[in-house]
Every structure is written in structure tokens, then in C-alpha cells.
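Okay, here's what each chain looks like letter by letter:
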Amino acid sequence: MESSRACPSCKKRTLVPDDVTGNTFCASCGLVQEYSNFQAHIGGINGPTGTFIRHGTAGSGTINTYKENKVYHAQESINDLMFKLGLSVQKSQDVKAMVEDITVGEYGQGDWFPIFVGACAYVVMRKDHKILPIVDVAYVVGCDVYELGRMITRVVGFTGLKLPEFDIVNAFECSIQMCPSFSDLPEDVVQRMLKQGVFLVQCLIKWFITTGRTPMPVVAAVLVFVGELNELDVKIEDVAMELHVTVSTCRRRYKELLERLVEVARVLPWGEDVTVKNISKNAPFVIQYMELKSMRKSDGKGQIIEHYDCDMEELVEDCLSKRIGYGYGYGFDSYNSKDCSSNYFEADSSSNLAIACQDKYQVSPESLTMIYAKYLEEVSLVKASAEAEAGIVNKRKRGNTFDFEACSEWWRGESDLSKKLILKKVLEKDVGLDAMPPSFNRGCLSKAKRQDKIKAAKLRIQRMMHPGTANSGCSNDLCLVEPEKPKKKKKRRKKLQVETDWEDLIIETLLLHNVKDEEIEKGHYNVLLALHVFNDDIA
């Protein structure tokens, strides 16, 4: 049946409907008319309701609803994240089950959903004592570590789980196996580095370096140090990038490790000359000493019940006969590799100096220092005469080299700290140093500094309130340095230097308001000012 409307193309009234599609077209020119298949909602409840529109497909030949399509894309996202994180099939199924349980089968979509899936993956691995660093999850998901941490807290709170403590030793073992910087090493070198790293990591646990800190930067610092001990060209920037941690934090942990080793090295005869710059050359002897100390067993009350025999004379001669310059530029060309083999942990039972208890035969550090100085003097004389006969002009060609091959036996790996121990056992071991947490040491230094400032502030107040009784002369408090008379060639004058700062002025103000010294030493200046200075009228 022809329509009364005209075709916009040919202007003829030959519009007829199509029986298949329901669209209207022109019988003359064949133009399909737009918006011609509208159907009015006519009828009651059971009447026609118009055309249904389906959205989304999940495979060829199937049509899904909105919920089915959302679940399909959510599962695809979960599978992709599990593949990038390297989780097994069983762990992937556990993650999917946790996601489905928390979302009650609704899953989700949006920018929050990958973060939620990463948090569930971290919780599943952590619950089974598996290592999955949060920095790696944040890197794969593409979010901030703190945002992922907040999501993990919400997941743990919803599920009511109690996660075990983070195992930093296991994290180190996994990192050394996964880092590309250590992938091409021989198996024996990897195993030696693994034992050395576990030993140092557990020493850092005993020294509270890992307490309250992010663990992965500590792992990166130990990896770099162990690599340097084994003559590997490893940069801390590369290791930090491979572990997805901040480079600056890794450098701070590396510096703290070196500082602790320097403190341990103070007991050596040349310990006063060991610094952070040359600790790498002295590290074999320091670790030998730490390993020997850790192998001595105790009864838990501080009493040593088992000793390892040690020949003191052989120990000193062995350390002094090394081909290593101890960081001072001495090279001993007259010693071969046989002379440099270490017998640090071996004892000669037939020697007269072999002892079974160190309390029976003690050598003071001063005596060892004298022996070492005398030895260096004799060696320098012998070396100088040998070089004069040989006509060597450059006397210190090999003074700064470190011969690891000649001293390849410095690491034995016999200590229990080379294996994974529980925290109680680690704290009971003696490695030659009982250090407090770095934050505690910084707090003590800050408190001592504030105490000195309080004393100086009291002297300044006393001098201003009682000028007659005040001590004459320039003290450590407020002191104005008079400008020096300028020379003829120099026309600049030195400015007045005042040795007080804002903290001194605040301390003076608090003392004038009768604040106790114990409260000022804590350093909470804003609270004290609000309570005692700016709140007087209200009080």
C-alpha cells in the first residue's frame, strides 16, 4: 500500500513497507526511509512492548546481558593480571574465588577493579607464606604503593584474615634468583652469594635495620654489597629498577649496612683506620670475625658454653700476610697465593698458643695494634729493598688492588646465620656488635643536642637578667663576632655571625614561661607553645 508521504529523493508517493525488516522504502527509486520502523506501545500489560536491544557479545553466536558481559571482562582482566604476576593455576583460582566471594559474584569494572584484584593476589600469596612484594604488584597493576596498601587493608579487614610477618630472608632468596643482573652467574657463585646474603640480612635484622622499614630496599642493598664481594659489576640503580624500589632509599640502606660493618671492624688491629670508603676491602676479615663470633654457642644467659679453638698468633699473622692493602695502599708482592690462604677458623692443636678459652689468653687491642704497626714497618723495609734491587720505579702499582683469588677461602659458610633462623635465634646470636635501631640513636643525639641548647639558653637568660653575676667573656651562647679589619687588597667585610637559631629562641621563650626541661627535651615545640605561650589568656 502506497503512503501519503512523498519520497525525499524522487518526490513520488510510492513508499511501501518491507515485510522482512519493517523499514519503509520507495518503490520508484529504492531509497530506504529513515526512522520509519517506529512501533507505538499499544496494549495493556501483555501487549507489545517494542524492540529489545542487546548489548555486548562473548564469543561468536552468543548474546550476553550487561551482567554477563561485565563478569566476562572482569575474568579476562583477572587472568591477565595473574599471568603478569606469574601466579600458578591453583593460586589464580584462589584469587578468583576471593574476588567472587568479596564482590558476591558481581565482580566490577573501572579503575579500582585491577587494584582490588592485585590486593587479593597479595593477600592470597602472603597467607600461604609465599613472597609477592607489594612493589611488584603495584608496578603490574599501575598504581601507587600506598593506594594498593589501603586496598589490602580493606581486603584483610573484610575477610578477617591475620597475615603472617613478611619474610625478608625468603624475599632475598627469591630476588637473587629473579634479578636479571644475577641470571648468568654459575650455580656455585649463586649459592655462595645466597649464603653470604642470608648471613648479612639476618645480621641487619639483629641490628634493627629492617625494623619499621620497607624490606625490599634492604634486600637491594644486600644484593649490591654481596655482588661487590664476589667481584661483580653491579650498580645499585640497576638492582633498584629490577626490584621496583626507590634508588635513594636503597642508597640509604646501603650506607647503613656499611656503617654497621665499620663499627664491627673497630675490634680489628687496624680497625681505627677502617672507614665507609675502604670497608669493601676489609669486608672479608670483618665477616670472618662476625662468623666466628656467631658460631660460639651460649646457654641463653650470656655464658658461653662452647668455644672454637683459635690460634691467636696464627690468626694475626694470617690477617697481616694478606695480599690486600687494607685500604692503605700497601701491596705485598713477595707473598703468593699460598701465603694468602686464610686459616681464620682453623686451629693448630699442637701449637703452644692454641687455646680453648679466650679468657685464659687475652691480647689487648693496643698490643695487636703495636704488632700490626711493627709488621707494616718491617714489610715496608723489605719491600723497599726488593724494589731497589729490581729497579722498580713505580712502587705502588698494585697497592689499591683487591686480590680475591688469593683469598678465596675467606668465606666458609659454617655459621647458623647462613641459614634461615627464627627471630629469637637471630637475636641470641653474637656477631660482634649489639646495635640499637637507627631511629633510637638519632633520637638520643637529638635529645643530647637539645639538652646543650637548654643549658646555653639558661646562661643567656642569666646574663641578661643578672649582668653583674654573669661570667665575662664569650661563651657558646649568643656571641657576636667583631668584623676583622679589612686588608688593603680586600674590601669586603665579614658579616656578623650569630650562633643562635630559631630553636634557641623557642627554648628561651619556653624557659621564660617556666616550662620544665624534661618537656623541652622531647622537642614537641608546637604543643608546648600552644599550651604555655599562646594559651595563657585562656588559662
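These numbers come from a predicted model, not from an experiment.

**Re the overall build of the protein chain**
Thinking step 1. Of regular secondary structure, the protein chain possesses 19 helices and six strands.
Thinking step 2. The 539 residues of the protein chain split such that 38% are buried.
Thinking step 3. Of the roughly 33700 Å² that the protein chain leaves accessible, carbon and sulfur atoms contribute 53%.

**Section: the packing of helix H1 (residues 66-85) against helix H2 (residues 89-103)**
Thinking step 1. The interhelical angle for the contact between H1 and H2, taken along N-to-C directions, is 140°, at an axis separation of 10 Å. Taken together, H1 and H2 sit at an angle that is classed as oblique. The crossing of H1 and H2 is right-handed. Between H1 and H2, the contacting residues are Ile-78, Asn-79 and Met-82 on the first element and Ser-92, Val-95, Lys-96 and Val-99 on the second.
Thinking step 2. Grouping the amino acids of the contact of H1 with H2 by side-chain chemistry returns four nonpolar, two polar and one charged.

**Section: helix H19 (residues 525-532)**
One turn of the α-helix equals 3.6 residues, which is why residues spaced by three or four share an orientation.
Thinking step 1. Along H19, the positions that sit buried rather than exposed are Tyr-525, Leu-528 and Leu-529. All buried residues of H19 project into a common sector of 100° when viewed along the axis, lining one side.
Thinking step 2. Contacts from the buried residues of H19 go to helix H16 (438-465), helix H17 (502-512) and helix H18 (517-521).

**Remarks on the packing of helix H9 (residues 236-243) against helix H10 (residues 247-264)**
Thinking step 1. Their axes nearest at 9 Å, the elements H9 and H10 cross at an angle of 120°. Classified by the angle their axes make, H9 and H10 are oblique. Once H9 is placed against H10, the crossing between them reads as right-handed. Two secondary-structure elements touch here, H9 through Ile-236, Glu-237 and Ala-240 and H10 through Val-247, Cys-250, Arg-251 and Tyr-254.

**Details of the environment of Pro-133**
Thinking step 1. Here Pro-133 shows up in the loop between helix H3 (112-127) and helix H4 (134-141).
Thinking step 2. By relative accessible area, which is 9% here, Pro-133 ends up buried.
Thinking step 3. Spatially, the C-alpha atom of Pro-133 lies 7.8 Å from that of Tyr-122, the residues being eleven residues apart in sequence.
Thinking step 4. Ignoring anything within four residues of it in the chain, the contact list for Pro-133 reads Tyr-122 and Met-216.

**Concerning the pattern of salt bridges**
Side-chain pairs of opposite charge can arise where the charged atoms are in close proximity.
Thinking step 1. Tallied over the entire structure, the rule returns 16 salt bridges.
Thinking step 2. Ionic pairing is found between Arg-260 and Glu-263, a salt bridge with its closest N-O pair at 3.7 Å. Of the two residues, Arg-260 and Glu-263 both sit in helix H10, three residues apart, roughly one turn of that helix.
Thinking step 3. In this structure, Asp-430 engages Lys-293 in a salt bridge whose closest nitrogen and oxygen atoms are separated by 3.4 Å. One end of the pair, Asp-430, is in the loop between helix H15 (423-428) and H16; the other, Lys-293, is in helix H11 (residues 279-294), and 137 residues separate them in sequence.
Thinking step 4. Given the relative accessible area of 27%, Asp-430 is considered partly exposed.
Thinking step 5. A single network of salt bridges, built from pairs that share partners, joins Lys-67, Lys-70 and Glu-106.

**Some thoughts on the packing of aromatic side chains**
Thinking step 1. Counted under the stated rule, the structure contains six aromatic pairs.
Thinking step 2. Residues Trp-112 and Phe-116 carry aromatic rings whose centres are separated by 6.0 Å and whose planes lie at 50° to one another, so their mutual orientation is tilted. Separated by four residues within a single helix, Trp-112 and Phe-116 lie in helix H3, roughly one turn from each other.
Thinking step 3. Residue Trp-112 is classed as partly exposed on the basis of its relative accessible area of 40%.
Thinking step 4. Centroid distance Trp-502 to Tyr-525: 6.2 Å. Interplanar angle 90°. Geometry classified as edge-to-face. With Trp-502 in helix H17 and Tyr-525 in helix H19, this residue pair connects regions lying 23 residues apart in the sequence.
Thinking step 5. Note on Trp-502: relative accessible area 55%, which makes it exposed.
Thinking step 6. Assessed through its relative accessible area of 9%, Tyr-525 is described here as buried.
Thinking step 7. What links up through ring pairs into an aromatic cluster is the set Trp-112, Phe-113 and Phe-116.

**Quick look at the environment of Leu-185**
Thinking step 1. Tracing the backbone through its elements, the reader meets Leu-185 in the loop between helix H6 (168-178) and helix H7 (187-206).
Thinking step 2. Separated by 47 residues in sequence, Leu-185 and Leu-232 have C-alpha atoms that sit 9.6 Å apart.
Thinking step 3. Contacts of Leu-185, omitting those with residues within four sequence positions, involve Val-190, Met-193 and Leu-232.

**Observations concerning unusual backbone geometry**
Phi is mostly negative for residues that are not glycine, and the peptide bonds are mostly trans.
Thinking step 1. Non-glycine residue His-129 carries a positive phi angle of around 60°.
Thinking step 2. Note on placement: His-129 falls in the loop between H3 and H4.
Thinking step 3. For Glu-231, which is not a glycine, the phi torsion comes out positive at approximately 60°.
Thinking step 4. Within the fold, Glu-231 resides in the loop between helix H8 (215-229) and H9.

**Details of the nonpolar core**
Side chains of a nonpolar character, in soluble globular proteins, are inclined to be buried together.
Thinking step 1. Ranked by size, the top nonpolar core spans 62 residues in total, and within it Phe-172, Trp-207, Leu-223, Phe-225, Leu-243 and Met-290 carry the most contacts.
Thinking step 2. Those elements giving two or more residues to this core turn out to be H6, H7, H8, H9, H10 and H11.
Thinking step 3. Sorting elements by how many residues they give to this core places H8 first, with eleven residues.
Thinking step 4. Leaving out residues up to four positions away in the same chain, Phe-172 has contacts with Met-193, Leu-194, Gly-197, Val-198, Val-201, Val-219, Val-222 and Leu-223.
Thinking step 5. Counting 33 residues, the second largest nonpolar core, distinct from the first, contains Ile-78, Ile-102, Tyr-122 and Val-155.

**Looking at the confidence of the model for the protein chain**
Thinking step 1. Residues at a pLDDT of 70 or more form 67% of the protein chain, whose mean pLDDT is 75.
Thinking step 2. Low pLDDT, under 50, characterises residues 300-312; the stretch is placed with 30 contacts to residues that sit more than four places away or in other chains.
Thinking step 3. Throughout residues 472-483 the model reports pLDDT below 50, and contacts reaching past four residues in sequence, or to other chains, amount to 20 contacts.

**Describing the environment of Cys-174**
Thinking step 1. For Cys-174, the position within the fold is in helix H6.
Thinking step 2. Linking Cys-174 and Lys-130, residues 44 residues apart in sequence, is a C-alpha distance of 10.0 Å.

**Quick look at H16**
Thinking step 1. With 28 residues, H16 should reach 40 Å at 1.5 Å per residue; the first-to-last C-alpha distance of 41 Å fits that figure.
Thinking step 2. Packed against the buried residues of H16 are H10, H17, H18 and H19.

**Quick notes on the side chain of Lys-206**
Thinking step 1. Its location among the elements puts Lys-206 in helix H7.
Thinking step 2. Judged by relative accessible area, Lys-206 falls into the buried class, the value being 9%.
Thinking step 3. Apart from the residues within four sequence positions on either side, Lys-206 is in contact with Val-426, Leu-427, Lys-429, Asp-430, Val-431, Leu-433, Asp-434 and Ala-435.

About the cut-offs
- Residues numbered from 1 in each chain as written.
- Predicted model: local features only at pLDDT ≥ 70, side-chain atom pairs only at ≥ 80, totals over all residues.
- Heavy atoms only, no water.
- Helix = DSSP H or I, 4+ residues; strand = E, 2+ residues; numbered from the N terminus.
- Buried < 20%, exposed > 50% of the residue type's maximum accessible area, 1.4 Å probe, protein only.
- Areas by Shrake-Rupley, 256 points an atom, 1.4 Å probe, with all protein chains shown as cover.
- Axes fitted to C-alpha atoms, helices over the stretch in contact; angles between N-to-C directions.
- Parallel < 35°, antiparallel > 145°, perpendicular 65-115°, else oblique.
- Left-handed = near helix turned anticlockwise from the far one by under 90°.
- Contact = heavy atoms within 4.5 Å.
- Nonpolar A, V, L, I, M, F, W, Y, C, P; charged D, E, K, R; others polar.
- Arc of directions from axis to C-beta.
- Salt bridge = Lys/Arg side-chain N within 4 Å of Asp/Glu carboxyl O.
- Phe/Tyr/Trp six-rings, centres within 6.5 Å; stacked < 30°, edge-to-face > 60°.
- Core = buried A, V, L, I, M, F, W, Y, C linked by side-chain atoms within 4.5 Å.
- pLDDT = per-residue confidence, 0-100.
- Expected span 1.5 Å × (residues − 1).

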